Every structure is written in C-alpha cells, then in structure tokens.
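# Examining the three-dimensional arrangement
Residues per chain are reported as follows:
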Amino acid sequence: MYFIYIILKIIVIIIPLLISVAYLTLAERKVMAAIQRRKGPNVVGIFGLLQPLADGLKLFIKETILPSSSNLSIFILAPILTFFLGLLSWCIIPLGEGLVYSDLNIGVLYLLAISSLGVYGIIMSGWASNSKYAFLGALRSAAQMISYEVSIGLIIINVLLCAGSLNFTEIVLAQQAIWFGIPLFPIFIMFYISILAETNRAPFDLPEAEAELVAGYNVEYSAMGFALFFLGEYANMILMCSLAVIFFLGGWLPLFNINLFFWIPSVIWFGLKVTLLLFGFIWVRSSFPRYRYDQLMRLGWKVFLPLSLAYIILFSGLLISLNWLP
Amino acid sequence: MKLIFNEYLVIFIFFILAFILATIIYMLSYILVFQKSDQEKVSAYECGFNPFEDARITFDIRFYLVAILFLIFDLEISFLFPWSIVLLNISLFGFLTMMIFLIILTIGFIYEWFKGALEWE
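Here's a quick rundown of the structure. Nothing here was measured: the structure is a model prediction, and the numbers come from that model. (Residues numbered from 1 in each chain as written. Chains lettered and ligands numbered in written order. Predicted model: local features only at pLDDT ≥ 70, side-chain atom pairs only at ≥ 80, totals over all residues. Heavy atoms only, no water.)

Right, let's talk about the overall build of chain B for a bit. Helices and strands together make up the secondary structure of chain B, namely 3 helices and 0 strands. Helices (α) and strands (β) of chain B occur, in sequence order from the N terminus, as α-α-α. Within chain B, the fraction of its 121 residues that count as buried is 31%. Of all intrachain contacts in chain B linking residues separated by at least 6 positions in sequence, the fraction that spans at least 24 positions is 52%. Carbon and sulfur atoms make up 73% of the accessible area of chain B, which totals about 8300 Å². (Helix = DSSP H or I, 4+ residues; strand = E, 2+ residues; numbered from the N terminus. Buried < 20%, exposed > 50% of the residue type's maximum accessible area, 1.4 Å probe, protein only. Contact = heavy atoms within 4.5 Å. Areas by Shrake-Rupley, 256 points an atom, 1.4 Å probe, with all protein chains shown as cover.)

Laid out in structure tokens, this is it:
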C-alpha cells in the first residue's frame, strides 16, 4: 500500500513535468515567432497546441543511429543519464507549503550534488560519440557549466546566510516579511544570468553554436537519444527557474500580504512566477547576439566570481554587526 | 513498520523509477521502430567528409586549467555551506576565522589572475 502511494506520488510529479517541458518548447516557438512577427506553429491542433505531441511522436518513430566508431555502452548511457538527472532534482522542489515529494533538511546540498552530475551526461556523450564536433561541443559545454556553477554556489550561500536553513520550505518561509530578491537584487540578477549560462541558453549557447559546431555534443544522436537530451535540458531550465523563484521571489508566497491573494492556490503563484522567468529566457534568446567564448569565461571568472565572493563578505559582515542573523 | 531515513528511502525509489523510465523510453523506440542502418549512416558526422582521424587526440590545455580552478573554488564553497548555516552559533570568532581563510583564497585568486590563468586569448 505504502509503495503504491509513493509510486502514485512519483507519477504525479513526472507526468506534469514532461507535459510542461513539451509546452515550454511550444511556448518558445510561439513567443519567438511573435517577437519576429511570424505566426509560429499553428497547423497541428488549435493554435498549434498539439505540435509538441506531434514532434515527440516524430522523434519516437525515427531510426536510432549508433555510430560505428563510438563507445556503444557510454553512448547509450549518456542521454539516459541526462534525462534521469533532469527528473531527479524535482523530488525536493516544494510547490506549496507541504506540497513536496521529499522534504529533505539538506535540500540545497542535494540539489547542488545532482546538478553537478549533469556535466557527466554531456562529457560522456561528447567522448563516446568520437566525432570532432561532438567532442569540442562537450568540452565547451562542460567548461562553461562548471565555471558558472562556482558563481551559482557562492550566490546560494548569500541566500543561505539570510535564510539560515538548507531546507527549501524554510527558505521560502523566511521570505514572508520580504522576498530576498529585493534586498539581494544585484545577486538576483547575477543568479539569473548564471542560470542562463548553466543551462547553455542564449546568449551563452556556445556549445550548440549552429554556425561552427553544428549542434554541439548531441550531434551524433538521433531519435529518442536526442529527445532525451532535449527533455533533460528543458527540465533543467524549468528547474533552474523554480530555484530562482524559491531563492529570490518568495516561492509560493503571494505578491502582497492581502487576504484576497491567499485564496489563490499556492501552486498557481509558484507557476506564475516560474512562467515569468521562463518567458525571460525566451525573450533574452530572441533579443541578444551570442557571446564569444573568451567573453563568456571572462564574465564567469573575472566578474561574477569576485562579485559574489565580495557580496558574501559584505552580507555576513552586515548580518553579524547588525545582529540580523536568523 | 517505522522506516528510518524515510525521506531518503522515497528518493531512492524515485531514483530507480526515473532510471527505469528513461531506459524504457530509449529502448522502446529502438525495439519498436524499423531499423535499417548502412555504412554512411553509422559513420561519424563530419559535414559530408569521411572522418580522417580519431577525434580524441588533442584538446586545449585551458579546459584542464578550468577544471583545476573549479576544484579549488568548489571545495571552498562546500566549506562555506556549513559556515553560513551555523554563523549565529559560532559568533565573531567563527566569522573572523572564515574571513582569514577567504583572504588567503583571495590572494591566490589575485595571483591566478595576474599569472593569466583566467585569460582566453
């Protein structure tokens, strides 16, 4: 009985996640089309609403190509790992008070551990493909992800200093007086830019720079292998946006402390905020030109790292001297 | 039955199910769909040319350097995590100790910067 209950809970997490990933791809195409004054997909279903399902089906019935020069076992494992890790982080994200699959008291550490493992999927795919484009794309992608992971880690420590807990629910509840995005506003902006780079999104989408590297590390993958990478990446995007919401925009807490706002379910508040940030991702993608690789590394190591380190010293000093520690 | 570490047990179940799901999706497509591979399909992609050598011979040493730098700073972050949580209990002494550590680290960082370890020219 207990296990059936657990498995039901898992299904309730995974299936909406996959649906939201599918509709995120549709939203991306629609919003970019609107920005470029096109219509976007509008043939399959009303307003193109069935387009993601059609895309998924198309990818499913394509032929799986296993390159002759690749290391087969690693080649097959890489997309599975990426997708698996993309799902795994979701079991600790609270969507409302008590609405969480597993309320770990060291949630932030668990999340950092899982998201660090994401690099393995990329490195493995690039190495196992034994193709020059895939290899170069994987190297770039991995270097970029680990560079920005450092600044993300330092930024999260700032939040922890203010919240005084590693548990996501407690971090959100610590923001009842004021969302951390307001006193920590510069850090919020830095976090947003860092997650753009961490998820390999434009303007930092160098790993898949179409003009030079074709598609980066997943160039040798077809059919479901490619689809799993795609799903994993987009699930990761949604995850990073919900992290930004939890850390800086008050999670499921309503906009103001007005009674009327508390009638709206917490999940809707959470979803609205995440959607807003995801819209920002798409907006940035259609507005900004791509960074050069040396500029990207300079931004990560020479701007964000010293700045976030300095903010830790500033904030810990302020909190200690004003006796504001939680 | 009282389960110890209940939170971790449910995560473990999630682990297994997520892995099975990913494997099933991948394998189903491979098994159900008609496969017909030939020489050209399974050779490595290189913009229409035949791949002329192994792809793994050389790569830029700077990627290695980035990995080393990442190790240093990630260790430092894992050191800062517990500190940021218990800062209230360890008071001024703990705060100052960490500041000394950070100063040493910053000196190292400045050295790296002037040595050009962070350059990508």
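In protein chemistry, a disulfide is the covalent bond that joins the sulfur atoms of two cysteines. Applying the stated rule across the entire model yields 0 disulfides over all chains. Here Cys-91 of chain A is not cross-linked by a disulfide; its sulfur's nearest cysteine counterpart is in Cys-241 of chain A, at 19 Å. (Disulfide = S-S within 2.5 Å.)

Now for helix H7 (residues 185-198) of chain A. Residue and element names in this part refer to chain A. In this model H7 runs 20 Å from its N-terminal to its C-terminal C-alpha over 14 residues, within 8% of the 20 Å that 1.5 Å per residue would give. Taken together, the buried positions of H7 are occupied by Ile-187, Phe-188, Met-190, Phe-191, Tyr-192, Ser-194, Ile-195, Leu-196, Ala-197 and Glu-198. Where H7 is buried, its residues touch helix H5 (132-163), helix H9 (223-248), helix H11 (266-287) and helix H12 (293-321). Of the residues flanking the end of H7, it is Asn-200, one or two places downstream, whose phi is positive at about 55°. (Expected span 1.5 Å × (residues − 1).)

With respect to the helices and strands, Thr-169 of chain A occurs in helix H6 (residues 168-173). Residues within four places of Thr-169 of chain A in sequence aside, it is in contact with Pro-94, Asp-103 and Trp-252 of chain A.

Turning our eyes to something else, we now look at H9 of chain A. Residue and element names in this part refer to chain A. Taking 1.5 Å of rise per residue, 26 residues should cover 38 Å, and H9 covers 38 Å from first to last C-alpha, within 8% of that figure. Across the 26 residues that make up H9, a large majority, 22, are buried. Where H9 terminates, the next one or two residues include Gly-250, which has phi positive at roughly 75°.

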